[in-house]
Amino acid sequence: MSFVTPITLAQEGPAPIDLGRDQISESSGIWERAFFGSQGFDSAAQASDGLYMLIFWFSTFFFVLLMVLMVYWVIKYRRRPGVPAPVSPSHNTLLEVFWTIVPSSSLLVMFFLGFWTYMERQVASSDALQLEVQGYTWGWTITYPDGTQPTWSTKYASRQNPDGSVTESTQPTPIFVVPENTNIRLRMISSDVIHSFWIPDLRMKMDLMPNRYTGYTFRSPDLPSGEDFSDHWVFCAEYCGNYHSEMAAIMRVVSAAEYRRILTEEFGEKPYVETGEIVWRNQCAICHSVDGKNGTGPTWAGGVFPEGERGLGYTVRFNDGSELVRDEEYIIESIQYPQRRIVEGNYGAMPAFQLSERQLIGVVEYMKTISDRGGELRVEEAEAAIEEGAEASEEDGSDG
Amino acid sequence: MTTIDSQHDLAHGGHDHHEGSYLTSRGSIIADIVNWATTVDHKKIGVMYLFAVLFMFFLGGVAALALRIELLDPPRLQVLADGTQAITGLNITPALGADPEDLAQNNLYYNRLFSAHGVIMTFMFLVPSIPASLGNFFLPLLLGAKDVAFPRLNLLSWYIYIAGSIFGLASLLFGGVDTGWTFYTPYSTTTDAEHWRTLSMIMAAFVLGFSSILTGLNFIVTVHKLRAPGMGWFDMPLFVWAVYATSIIQVLATPVIGVTLLLLLIERVLKVGIFDPGMGGDPVLYQHFFWFYSHPVVYVMILPAMGVISEMLSVHARKPIFGYRAIAFSSIGIAAVSFMVWGHHMFTSMGELAATLFSALTFLVAIPTAIKVFNWIATLYKGSIAINTPMLYTLGFLFLFSIGGLTGLPLGALATDLHLHDSYFVVAHFHYVMMGGTVIAFVGAIHHYWPKMFGRMYDERWAQASFWLVFIGFNVTFFTQFFLGTQGMPRRYAGYADEFQLLHQISTYGSWLIGLGFLGHLLTFVTSLVVGPKAPPNPWGGLTLEWEAESPPVEHNFHQEPVVRHGPYDFDRVVPPHCDEKDFPLPDQDEVARVH
Amino acid sequence: MTTIDPQAEPALAKPKGMRWESYVHGHHWRNADDEFDAAKLGMWLFLSTEVLLFAGVFVSYAIMRMKYPEAFINGSGYLDVKWGLTNTFVLLASSFTVAWAVRAAQLNQRKVLIANLIFTLLCAVAFFGIKLIFEYIPKWSEGKRPGEWFSYPYAHDPHEHIWWGIYYIATGIHALHVLIGAGLLTWVLVRSGMGKYGPKNYAMVETSGLYWHLVDLVWIFLFPLLYLIH
Ligand code: HEA
Ligand code: HEA
Ligand code: CUA
Ligand SMILES: [Cu+2]
């Protein structure tokens, strides 16, 4: 059985968090609070709670009706010595048809409501922020689109005791951040046995399979007013062995700006080459190979190929006939503004990618490792190139 | 093959010579043991099953109490102010052999506890419970027959059950398994790889399946071929209908778990790779196979319970059961639909289309059950209702099973199940149906049939007091778990976040009440066996054929072959056998004729 | 096979307690007809459980085939249709003789009964021999083995071990049934020799025969699935 490397842990991560549930909206009833404690955080979650409460009230209606009749009749018709039972018919077709049809039709409603809400989760929105989730015994690796991985963690069920001691679980609980009010898509796989990624506040879970990708989409909530972040449990909900009960994570919702800051400043500690490789794997590999084979886009490997020269340090010919030696500046331009110049023989299929500075540098650094002519490039030069690119885009804006 | 052997009929037709009770001793202890161990008498086999399954229930219950205690205050690591570490919390697993310093081991032993609890309770207790014990004892009596169709096969089933249980208990004795009762791959094929105990446990489930198949087969043939003269299909008591439907499921579903477990064994031993994703196999295939059996099997557990409920309800309410045919047909309906809904256990691991289909079918299965409940409640109307232990248990069943069944609905609806799946909500749901449904009906039925089986009465006050303990304790234990589940507490967790602690503690206290209640029952039964007053043949005034036999029945059940002259529930027309009209007065017969 | 004249059978000696003439049905039955029907119904039910057991195997086959069609096409290419076909005929012949045996018991032709049973058992032996000598042993020694044991060096498809897993499981479970069936028929043979079966008592012959037909039937499905479909 193979295990992925567990994430590195920052011991100084944020202080233990109060995940108590007091965020439920005022409008919800006492039962809804009793059941859920906190409000589901996207429209599908709220629809799911709505359905739950509908079934609950439906069930309560029938249950109370039946129990009241039961108790009433038991008392009213209790046995009295010497008195025969009153005579009553032992079936009634009309009544029986009635109590078959009525529940059946209400069950149909429940089914459809459940189905619609379920489908809402299955439809991936195109602008979703995609997180890669890898489950292993016993932990989660979350990877952001740029390859960054969370470095924060805490101890599950941590508790400060009055005597100054701390009670905690043994396994680290990673904390990952997501921006508020954003569509998020989880793409999940397991590296060993089956796990399940349950976000109770989202009312949603899905199994992680060892042999295929699964996933779901949701919308992260708005931050409660006045708060910098809100925390939400993630539990492993498929039994997976000894530390199944400690295979948790905490999803922290933060503002978009804070999200970007945390990703770059707090989590983004990876060496450039590694960052670049992760970006390539997660986002570019569908079209760009690194082994010289042409895909939808040109390969990143450096060298002379039947279609022409490819890779960093080699010459590129454009559709308009112009030529250029690929350098860091050109690479960064092609990522941010792929439509400016189109490589000969291609038709401009590539969308623009919004990568962080670290990721851009990472990609360039990674490309250097797969081209024999990519040697001398230095990080400062790449940084300069990024700045130039930014200036250029401002010009674009004023032109348009 | 059409000759009717009239000679033989003369020789065997009427057993007019006087026979003793089936419990009559053969003279010496040895002779008795030999006699019981080799008996083909369905009554003795039924009684042996009864004690065996109650023993299993006891074992499973003890495991349950232990795991609930662990959840009272799960052990955790404590880092003291000076930096040293200690373990806090209530650490009970060292009592089972875990290293007290090692929390991973604590978790392992907790996992073994709930696995032992689940495996014992389902495979060794609940599946055989009502059909194999009460079914064996009463099916022939209810049909007016001398025995089941294949008495020797019946004995074989019993020994297969014993063999399977030995495999299981051996596994438990040597440490047990940590797979859960569902044995999901690839966990179950890789965990504890060097040891044989997981194999032995899978083997146990496999072997127990054969026992279940053979019993089911035997009962189906019995119902077809051994009904008393004059008993048409719609003169059969509803318990018989229920056992019949149960047997059909057992015969049709159990082979599939047989081959599944066989594949699992092969997979574990030979690593053929059918379920192992590492070798190109498919773990979800295992889940499909497993639930194809294990969903129908939950109806194997509940249908016989519904059968005894129908019996107890009409007898103790002295009311013809309302909607006899609807109840009978809904048993068959449940059996049929039960084969099409297995996917509702796998909504989080299957595709959208399949999930949608299974969700829709799941709601379908709720309809025949709802019909039954309505009919039961309607039966109480204008009855003459005796409040005794069997009746209390019947009412308790209606209360608890309704909650259990109704909470199946949010599990069947796709959107809500994605939240509730594998949470304590599911745990609460299935305890309400399995324990609140089947076990409650079973215990009630043991009281109902106790006088017939052992010829002695039990103490009503003790039994009723124990009922209330069980009933209240049960609700305290498991109603809280619905809230745990909706709030996000996953099942099979050896520890949990602080916010769940209060509810877990309430639940644990409740389980002690249940334990106390069952202890009360145990004492009641033991006392009854020793000093209980002798039971009359028909203490409750039942009309079905078993009440015509003596208490306890004679070796071949009836002195003469009974002939069916009235329906099983014609309480408003017939004075029960062995009873006096004074105690069971009939209403005005003209009015009865008018109403029917 | 020599024809056996039922008339040539010597007149049976005075019925002893053991022989079919003096057979008495179980005391809990109302008459012998009910008992006989029950035995048959029981066997049919049991056969339905067997069908479902094999259904599980067939479903695994179908699912794995869907996942790895190439492996299955290659895999079935390794099998020798010649031997599969031979075994099919062997089983078909044995099914025929077992049916004849039942008929013989009904007509009180004891020698025919015994001869047919012996022929059926010989078929079972032949089936096993062919399976072992021409299929299992050579394949296993070439490394065409299931799952982790697979070591065939010239595999065309990376998932051929799955095919072999299914192959060995399906034919293995079937072979186990052949074995059980042969055991049953041996028992029937011995008791036929003792004169226990005749027109008044042949339920055991009939039910064992039914079981044997099932074994045959399963093979009729296995053969095309494993050997023929490419
Ligand atoms: C005795 C056993 C038993 C019975 C009878 C049932 C009955 C039902 N069960 Fe349950 N179930 C289990 C035992 C049982 N179950 C077990 C053991 C598990 C978990 C296994 C595991 O994972 O370990 C499980 C899990 C389970 C799941 C999977 C949950 C998950 O893991 O995600 C689902 C989902 O659909 C479900 C649904 C149902 C439904 C719809 C019924 C229906 O048949 C219920 C029908 C009954 C009623 C509806 C109530 C009575 C009727 C009335 C009071 C009248 C009014 C009603 C209406 C008008 C509708 N059950
Ligand atoms: C028949 C089925 C059955 C029954 C009756 C019970 C009974 C009980 N169950 Fe269990 N349970 C299951 C079937 C059952 N359970 C299954 C299938 C699982 C899933 C396992 C898995 O996940 O794999 C499970 C899981 C399960 C869990 C979840 C564990 C987890 O997910 O981490 C819990 C937790 O509270 C629990 C508790 C209890 C308790 C407190 C009882 C109590 O009600 C028990 C009370 C009983 C006694 C205390 C015994 C007393 C007996 C005598 C004194 C003998 C005399 C008796 C007579 C004479 C009548 N059970
Ligand atoms: Cu991972 Cu449970
Ligand atoms: Cu189910």
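Residues numbered from 1 in each chain as written. Chains lettered and ligands numbered in written order. Predicted model: local features only at pLDDT ≥ 70, side-chain atom pairs only at ≥ 80, totals over all residues. Heavy atoms only, no water.

I tried to follow the sheet that holds strand β2 (residues 139-143) of chain A on my own but got confused; where do I start?
Hydrogen bonds along the backbone pair up the strands of a sheet, which may run parallel or antiparallel. Residues and elements named next belong to chain A. Read across the sheet, four strands follow the order β2-β1-β7-β10 without closing on themselves; strand pairing throughout is mixed. Of all the strands in the sheet, the pair left with one neighbour each is β2 and β10 (214-219). Neighbour-to-neighbour, the strand axes of this sheet turn through a mean angle of 25°, independent of strand direction. In this structure, strand β1 (residues 129-136) lies alongside β2, joined through five bridges in antiparallel fashion. From the neighbouring strand, Tyr136 faces β2, where its bridge partner is Gly139. (Pairing = 2+ DSSP bridges. Helix = DSSP H or I, 4+ residues; strand = E, 2+ residues; numbered from the N terminus. Axes fitted to C-alpha atoms, helices over the stretch in contact; angles between N-to-C directions.)

How should the coordination of the iron atom of ligand 2 be read in this particular structure?
By definition of the ideal shapes, a tetrahedral metal site with four donors has angles of 109.5 degrees and an octahedral site with six donors has angles of 90 or 180 degrees. All names here are of chain B. Only His117 (NE2) and His431 (NE2) from the protein coordinate the iron atom of ligand 2, and they sit 1.9 Å from it. Around the iron atom of ligand 2, the six donor atoms are arranged such that angles at the metal cover 86 to 180°; this shape is classified as octahedral. A residue pair is termed long-range when its members are at least 10 positions apart, and His117 in helix α4 (residues 103-126) and His431 in helix α16 (residues 424-454) qualify at 314 residues. Of the residues examined, His431 reaches a relative accessible area of 14% and is grouped as buried. (Donors = N, O, S within 2.8 Å, 3.2 Å for Na, K, Ca; no water. Tetrahedral: all angles 85-135°; square planar, octahedral: opposite > 155°, others 65-115°. Buried < 20%, exposed > 50% of the residue type's maximum accessible area, 1.4 Å probe, protein only.)

How should I be thinking about the site of ligand 1 in this particular structure?
Lining the immediate environment of ligand 1, one finds 33 residues, of which Tyr299, Asp417, His421, His429 and Arg491 of chain B sit closest. Surrounding ligand 1 is a set of residues that belongs to chains A and B. Take His344 of chain B: an N or O atom from its side chain is 3.2 Å from an oxygen atom of ligand 1. Residue Leu411 of chain B places a main-chain N or O atom 3.2 Å away from an oxygen atom belonging to ligand 1. Looking at the shell around ligand 1, the elements that each hand over two or more residues are α2 (43-76) of chain A together with α10 (283-317), α12 (352-380), α13 (389-406), α14 (408-412) and α16 of chain B. (Near = heavy atom within 4 Å. Polar contact = N/O pair within 3.5 Å; in protein donor to acceptor, adjacent residues only side chain to side chain.)

So what exactly am I meant to see when it comes to helix α4 (residues 256-267) of chain A here?
Residues spaced three or four apart along an α-helix point in a common direction, a consequence of the helix completing one turn every 3.6 residues. Residues and elements named next belong to chain A. Along α4, the residues classified as buried are Tyr259, Ile262, Leu263 and Phe267. When α4 is viewed along its axis, its buried side chains cluster within an angular range of 95° and face the same direction. Projecting away from the buried face of α4 at angles above 90 degrees are the exposed residues Ala257, Arg260 and Glu265. (Arc of directions from axis to C-beta.)

How do you make sense of the coordination of the iron atom of ligand 1 when you look at a structure like this?
Residue and element names in this part refer to chain B. For the iron atom of ligand 1, the protein contributes exactly one donor atom, His429 (NE2), at 2.2 Å. Separating the iron atom of ligand 1 from the copper ion (ligand 4) is a gap of 4.5 Å. Structurally, His429 can be placed in helix α16.

Which parts of the structure should I look at to understand the interface of chain A and chain B?
By convention, interface size is frequently given as the accessible area that disappears when the constituent parts associate. In this complex, chain A contributes 90 residues to the contact, which on the side of chain B involves 109 residues. Buried surface at the junction of chain A and chain B, summed over both partners, amounts to about 8,400 Å²; 67% is from carbon and sulfur atoms. Summed over the three residues of chain A that lose the most area to chain B, namely Arg79, Val87 and Tyr239 of chain A, the buried surface amounts to 10% of that side. At the junction of chain A with chain B, the criterion picks out zero salt bridges. The leading source of residues in the side of chain A that touches chain B is helix α3 (residues 93-122) of chain A, at 15 residues. Taken together, the three bridges between strand β5 (residues 166-168) of chain A and strand β1 (residues 76-79) of chain B define a ladder with antiparallel strand orientation. From the neighbouring strand, Val166 of chain A faces β1 of chain B, where its bridge partner is Val79 of chain B. (Contact = heavy atoms within 4.5 Å. Buried area = accessible area lost by both parts, 1.4 Å probe. Salt bridge = Lys/Arg side-chain N within 4 Å of Asp/Glu carboxyl O.)

Just checking my understanding: could you explain the site of ligand 2 for this structure?
Residues and elements named next belong to chain B. The environment of ligand 2 is formed by 34 residues, the closest being Arg68, Tyr110, His117, His431 and Arg492. For the shell around ligand 2, the secondary-structure elements that each account for two or more residues are α3 (42-72), α4, α16, α17 (460-487) and α18 (501-531). By residue class, the composition of the shell around ligand 2 is 22 nonpolar, nine polar and three charged. (Nonpolar A, V, L, I, M, F, W, Y, C, P; charged D, E, K, R; others polar.)

Got a minute to help me understand the pairing of strand β9 (residues 204-208) of chain A in this structure?
On any regular strand, side chains alternate: one points to one face of the sheet, the next to the other face. All names here are of chain A. A large share of β9 lies buried, amounting to five of its five residues. Bridging between strand β8 (residues 195-199) and β9 involves five bridges; their strand directions are antiparallel. Considered in β9, the bridge of Trp198 is made with Lys205. As consecutive antiparallel partners, β8 and β9 are separated by four residues, and within that stretch Arg203 has a phi angle of approximately 60°, a positive value.

Teacher, can you tell me more about a nonpolar patch on the surface here?
All names here are of chain B. Together, Phe51, Trp462, Leu516, Leu519, Leu522, Leu523, Val526, Leu529, Val530 and Val531 make up a nonpolar patch on the protein surface, roughly 960 Å² of accessible area in all. Among the elements that make up the nonpolar patch, the one with the highest residue count is α18 (eight residues). Its place among the elements puts Leu523 in helix α18. (Patch = residues over 30% accessible without salt bridge, like charges linked within 9 Å, V, L, I, M, F, W, Y side chains within 5 Å. Areas by Shrake-Rupley, 256 points an atom, 1.4 Å probe, with all protein chains shown as cover.)

Help me out: how do you make sense of the confidence of the model for chain B in this one?
A low pLDDT means the predicted coordinates there should not be read in detail. All names here are of chain B. Across chain B, pLDDT averages 89, with 97% of residues at or above 70. Here helix α1 (residues 6-12) is the element of chain B with the lowest mean pLDDT, 38, and α13 is the one with the highest, 96. Note on residues 1-17: pLDDT is under 50 here. Beyond four places in sequence and across chains, it has 22 contacts. The complex model carries a pTM of 0.85, and its ipTM stands at 0.89. (pLDDT = per-residue confidence, 0-100.)

I'm lost on the confidence of the model for chain A in this one. Help?
Residues and elements named next belong to chain A. Looking at chain A, the pLDDT average stands at 78 and 78% of residues meet or exceed 70. At the low end of the mean pLDDT range in chain A sits helix α8 (residues 379-399), at 52; at the high end sits β8, at 94. With pLDDT under 50 throughout, residues 393-400 is counted as low confidence; its partners more than four residues away or in other chains account for three contacts.

Just checking my understanding: could you explain the pattern of salt bridges for this structure?
Pairing between side chains of opposite charge can happen when the charged atoms of each approach one another. For the coordinates displayed, the defined rule picks out 21 salt bridges over all chains. Of the charged contacts, one joins Asp282 of chain B and Lys67 of chain C as a salt bridge, the two residues approaching to 4.0 Å between their closest N and O atoms. Of this pair, Asp282 of chain B sits in the loop between α9 (238-270) and α10 while Lys67 of chain C sits in helix α1 (residues 32-67), on two different chains. With a relative accessible area of 32%, Lys67 of chain C lands in the partly exposed category. In this structure, Asp459 of chain B and Arg461 of chain B form a salt bridge, with 3.5 Å as the shortest nitrogen-oxygen distance. Exposure remark for Asp459 of chain B: the relative accessible area of 30% places this residue in the partly exposed category.

Just checking my understanding: could you explain the nonpolar core for this structure?
A general feature of soluble globular proteins is that nonpolar side chains tend to end up buried together. The biggest cluster of nonpolar side chains holds 336 residues, and the ones touching the most others in it are Phe176, Phe197 and Tyr216 of chain A together with Trp376, Leu380 and Phe397 of chain B. Top element by residues in this core is α10 of chain B. It accounts for 21 residues. Residues contacting Tyr216 of chain A, with those up to four places away along its chain left out, are Arg121, Ile184, Arg185, Leu186, Met188, Phe197, Ile199, Leu202, Met204, Lys205 and Met206 of chain A. Among the nonpolar cores identified, the runner-up in size contains 17 residues, and Tyr330, Ile332, Val343 and Val363 of chain A belong to it. (Core = buried A, V, L, I, M, F, W, Y, C linked by side-chain atoms within 4.5 Å.)

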